[in-house]
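Each chain is listed here by its residues.
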Number of protein chains: 2
Amino acid sequence: MNKILIDAFGGDNSPSAVIEGTITALKERENFIAVLVGNPEIIAEELKIYTYDKERVEILSASEVITCEEEPTVAIRKKPDSSICVAIKELRTNDDAKAFVSAGSTGAVLVGATLKLGRILGVNRPALTTIMPTLIEGKNVVLLDAGANADCKAINLCQFAFMGSEYAKIKFGIENPKVGLLSNGAEDEKGNMLNHEVFPVLKEMKEINFIGNVEARDILVGEVDVIVTDGFSGNVAVKSIEGAVQFTLKLIKQGICSSVKSKIGGMLLKGTFKELREKVDHNKHGGAVLLGAGKLVVKAHGSSKASAFTASIKMAVDMAEAELTEKIKANISAISVGGEQ
Amino acid sequence: MNKILIDAFGGDNSPSAVIEGTITALKERENFIAVLVGNPEIIAEELKIYTYDKERVEILSASEVITCEEEPTVAIRKKPDSSICVAIKELRTNDDAKAFVSAGSTGAVLVGATLKLGRILGVNRPALTTIMPTLIEGKNVVLLDAGANADCKAINLCQFAFMGSEYAKIKFGIENPKVGLLSNGAEDEKGNMLNHEVFPVLKEMKEINFIGNVEARDILVGEVDVIVTDGFSGNVAVKSIEGAVQFTLKLIKQGICSSVKSKIGGMLLKGTFKELREKVDHNKHGGAVLLGAGKLVVKAHGSSKASAFTASIKMAVDMAEAELTEKIKANISAISVGGEQ
């Protein structure tokens, strides 16, 4: 059975939320074994409060924890017995181990995966995905790279397009995801030098359904399933959106608090605001996936609660089941830009 | 007296909104002459309905109009008697003409200014500003480049930082604007290659008050006055924010319409939503300024109404009065990156 490694000591609410989330995931997916990585005594103690199938939970001992304050490269080198390092080593060496889920330091997970797990043969740079809601009910969009690679070449973006498309097929259950290139305008001729180089290559790629440039204003409109960009612009887009939604909601909250009349209005709209906050809650999608690493790595948000861990673990199980890594491996070599692969 | 050239045939609501906005600006600012550029008969006819000081309004004849559908470079070449071309020519050759205000095609205004107006000696690339609201009441932030240069070098960003800072001093009436560099994280070591090159130079610049990196999530928080970035990332940030605010408001509107209870809530919060829409309305700030061109160019939004034209014209008058262009001219040569100016 596929084994999913779970960092029991990553994130603000670890280990209790991790373990609670794991127990729920075990009930909602039958086809995996959860391997909790970290201090075995504490994990065993936490597990005591739950009833679960003991054959489906294993503990992998790791004595150290990497915090978010530590410099990632240094931490990965100096803490070989940290939950992140131990999990990644197990992922590399155990064929049954299919994925690693962590809400720990993003930097440490990325550096650990890059240095110690390696990439799928043919993938130049792994990319981080992020999932955002759209105006179309029930439809989401995946953007990559959301921040793993601040500087990219054309070949990276083409590989991101392919990997993002394969991911969207499984994640959204669609056959032919529409892939757009983030640009400074929707017209074909818009873009910076990188975009100008990559646009015609994306257009020719048989492996994806490329529909052209997407303006940042239209990211949340819902007309595309996958948006491809470099990790710097991707980070700017994702965080600008996050900041703007927070900005809008804060101003509305201020307005609501400004008079008795508006307070009543706010109360009557409580359901609407709750729905909105749920819609923009990145936790519910199961976090970011590092696409292109040798095995699946799922990065849950640092503030993840139990339900977010459940979502992350379920995503890891589903992606492993659908053989996402194998699908990328099988086709990545077909993608090249001017001879460069 | 300073002359402000006004494109009477630019924007969706031209010429009537342009002329109405001009008349109001004449009342609110005493120290300029308005030069309306376009078909003289139509302008004269429109002017008939207003009472104004005839000595402060001139008409400059231009028989053609460049539309937003035309390819900018082609249009600028093929329509020398367009309002944009005639105005820019006048701006270049008439010492009294200090600024040009247009709500016409952004591309045509940019190309016209670049090709026919030239740059301030020492400025490598002019940059477009945009002004955004922040969470702090009454405080705004200027971001540049908002889209004029998709690819930038370190020297460009340093010049943008200086020009943006000079602009913010006048626009916001502050002495020592805080300048931040847009990056993929707030820590000093974050950034792409361009940022890594420019960060230490910005830190050493005596001409500005550089406070470090700003994450896109914090653009609207109000801790900085000027945010510097390349025109691609700048465009992504500004449009992501625009899209996210629209997204949030649309979802709230849907929620309001979903039941009688929420409809009443929406009615009680009408004032809050109106205030919010006003706060995020880019029209009220007077549009974007092209900083670094040989003379001042103000690009009003294509959908500008009369009040937006008034704001744009007043901004042009104030910037001319405060001698923004001259201030940039006097100090730009002091800025260099590794010997490159």
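The rules behind the values
Residues numbered from 1 in each chain as written. Chains lettered and ligands numbered in written order. Predicted model: local features only at pLDDT ≥ 70, side-chain atom pairs only at ≥ 80, totals over all residues. Heavy atoms only, no water. Contact = heavy atoms within 4.5 Å. Salt bridge = Lys/Arg side-chain N within 4 Å of Asp/Glu carboxyl O. Polar contact = N/O pair within 3.5 Å; in protein donor to acceptor, adjacent residues only side chain to side chain. Helix = DSSP H or I, 4+ residues; strand = E, 2+ residues; numbered from the N terminus. Phe/Tyr/Trp six-rings, centres within 6.5 Å; stacked < 30°, edge-to-face > 60°. Lys NZ or Arg CZ within 6 Å of the ring centre and 35° of its normal. Least-squares fit on C-alpha atoms with pLDDT ≥ 70 in both. Expected span 1.5 Å × (residues − 1). Buried < 20%, exposed > 50% of the residue type's maximum accessible area, 1.4 Å probe, protein only. Pairing = 2+ DSSP bridges. Axes fitted to C-alpha atoms, helices over the stretch in contact; angles between N-to-C directions. Patch = residues over 30% accessible without salt bridge, like charges linked within 9 Å, V, L, I, M, F, W, Y side chains within 5 Å. Areas by Shrake-Rupley, 256 points an atom, 1.4 Å probe, with all protein chains shown as cover. Lys, Arg positive; Asp, Glu negative; His and termini not counted. Charge placed at Lys NZ, Arg CZ, Asp CG, Glu CD. Parallel < 35°, antiparallel > 145°, perpendicular 65-115°, else oblique. Left-handed = near helix turned anticlockwise from the far one by under 90°. Nonpolar A, V, L, I, M, F, W, Y, C, P; charged D, E, K, R; others polar. Core = buried A, V, L, I, M, F, W, Y, C linked by side-chain atoms within 4.5 Å.

**A closer look at the interface of chain B and chain A**
Residue-level contacts link 50 residues of chain B with 50 residues of chain A. Run the count over chain B and chain A and you get four salt bridges. Here glutamate 242 of chain B ties to arginine 217 of chain A by a salt bridge, and the two come within 2.3 Å at their closest N and O atoms. The tally of links between chain B and chain A comes to six residue pairs in polar contact (both at pLDDT 80 or more). Put simply, the parts of the chain that give the side of chain B that touches chain A at least two residues each are β7 (178-183), α7 (193-204), α8 (231-257), α9 (260-268) and α10 (270-279) of chain B.

**Quick notes on the pattern of salt bridges**
The full count for this structure, using the stated rule, is 24 salt bridges over all chains. Across the pair lysine 314 of chain A and glutamate 28 of chain A runs a salt bridge, and its minimum N-O distance is 2.6 Å. Of this pair, lysine 314 of chain A sits in helix α11 (residues 306-321) while glutamate 28 of chain A sits in helix α1 (residues 16-28); the two residues are 286 residues apart in sequence, bridging distant segments of the chain. Bridged by salt links that share partners, the residues Glu215 and Arg217 of chain A together with Lys239 and Glu242 of chain B form one connected network.

**Considering the packing of aromatic side chains**
Residue and element names in this part refer to chain A. Considering all chains together, one arrives at two aromatic pairs over all chains under this definition. Ring centres 5.3 Å apart and planes at 80° place the aromatic pair phenylalanine 199 and phenylalanine 210 in the edge-to-face group. Taken together, the positions of phenylalanine 199 in helix α7 (residues 193-204) and phenylalanine 210 in strand β8 (residues 209-215) put the pair eleven residues apart, joining distant regions of the chain. The ring of tyrosine 52 carries the charged tip of lysine 54 above its face, separated from the ring centre by 4.6 Å.

**With respect to the relation of the copies chain B and chain A**
Least-squares fitting of chain B to chain A yields an RMSD of 0.0 Å, with the transformation described by 0.0 Å of translation along the axis and a rotation of 180°. Classification of the inter-copy transformation places it as that of a two-fold axis. No C-alpha of chain B lies nearer the rotation axis than that of glycine 265 of chain B, which sits 1.9 Å from it. Residue by residue, 100% of the interface of chain B is reproduced at the interface of chain A, so both copies engage with the same surface.

**Let's talk about helix α11 (residues 306-321) of chain B**
All names here are of chain B. Between its first and last C-alpha, α11 extends 22 Å over 16 residues, near the 22 Å set by a 1.5 Å rise per residue. Listed as buried for α11 are Ala306, Ala308, Phe309, Thr310, Ala311, Ser312, Ile313, Met315, Ala316, Val317, Met319 and Ala320. Looking one or two residues past α11, glutamate 323 carries a phi angle of roughly 55°, positive in sign.

**Some words on the sheet that holds β7 of chain B**
All names here are of chain B. Taken in spatial order, the eleven strands make up an open sheet running β3-β2-β1-β4-β11-β10-β5-β6-β9-β7-β8, and their pairing is mixed. Each having just a single partner strand, β3 (57-61) and β8 (209-215) make up the two edges of the open sheet. Strand-to-strand twist across the sheet, computed as the mean angle between neighbouring axes with direction ignored, equals 25°. One ladder, built from three bridges, connects strand β6 (residues 140-144) with strand β9 (residues 226-228); its direction is parallel. Paired with valine 142 across the strands is valine 226, a residue of β9. Along the sheet face, α7 touches β7 and β8 and points at about 170° away from the line of β7.

**Some details on the side chain of asparagine 140 of chain A**
All names here are of chain A. Inspection of the secondary structure assignment puts asparagine 140 in strand β6 (residues 140-144). When its relative accessible area of 19% is taken as the criterion, asparagine 140 is described as buried. Apart from the residues lying within four places of it in its own chain, the contact partners of asparagine 140 are Ile131, Met132, Pro133, Thr134, Phe172, Asp225 and His285.

**Digging into the sheet that holds strand β1 (residues 3-7) of chain A**
The strand order across the open sheet built from eleven strands is β3-β2-β1-β4-β11-β10-β5-β6-β9-β7-β8 (chain A), with neighbouring strands paired in mixed fashion. With one partner strand each, in any of the chains shown, β3 (57-61) and β8 of chain A form the two edges of the open sheet. When the angles between neighbouring strand axes are averaged without regard to direction, this sheet yields 25°. The strands that α1 of chain A touches are β1, β2 (33-38) and β3 of chain A; relative to β2 of chain A, the one it contacts most, it runs at about 170°. On top of the sheet, α8 of chain B reaches β5 (127-133), β7 (178-183) and β8 of chain A; it is set at about 120° to β7 of chain A, its chief contact.

**Some thoughts on a negative patch on the surface**
Side chains of Glu71 of chain A together with Glu187, Asp188 and Glu189 of chain B sit close together on the surface and give a patch of like negative charge. By secondary structure assignment, the location of aspartate 188 of chain B is in the loop between β7 and α7. Among the residues examined, aspartate 188 of chain B registers a relative accessible area of 44% and is labelled partly exposed.

**Re the packing of helix α6 (residues 154-172) of chain A against α7 of chain A**
Residue and element names in this part refer to chain A. Relative to each other, α6 and α7 sit at 45°, their axes nearing to 9 Å. Between α6 and α7, the crossing angle belongs to the class labelled oblique. Viewed along their axes, α6 and α7 form a crossing whose handedness is right-handed. Facing Ala154, Leu157, Cys158 and Ala161 of α6, the residues of α7 in contact are Leu194, Asn195, Glu197, Val198, Val201 and Leu202. A breakdown of the residues in the contact of α6 with α7 according to their chemical character gives eight nonpolar, one polar and one charged.

**Some thoughts on the nonpolar core**
Counting 107 residues, the largest nonpolar core has Ile219 of chain A together with Ile219 of chain B as its most contacted members. Discounting chain neighbours no more than four positions away, the residues touching isoleucine 219 of chain B are Ser240 of chain A together with Met132, Val141, Leu143, Leu182, Val214, Ile227, Ala237 and Ile241 of chain B.

**Observations concerning the pairing of β5 of chain A**
Residues and elements named next belong to chain A. Counting buried positions along β5 gives seven out of seven residues, so the element sits mostly inside the fold. Burial along β5 is two-sided: Ala127, Thr129, Ile131 and Pro133 facing one way and Leu128, Thr130 and Met132 facing the other are all buried. In this structure, β5 lies alongside strand β10 (residues 288-291), joined through two bridges in antiparallel fashion. By the bridge assignment, leucine 128 is partnered in β10 with leucine 290. Where β5 and β6 come together, five bridges link them in antiparallel fashion. Each residue of the ladder has a partner; that of isoleucine 131, found in β6, is valine 142. Remark: six residues form the turn of the hairpin made by β5 and β6, two consecutive strands paired antiparallel; glycine 138 in that turn has positive phi of roughly 80°.

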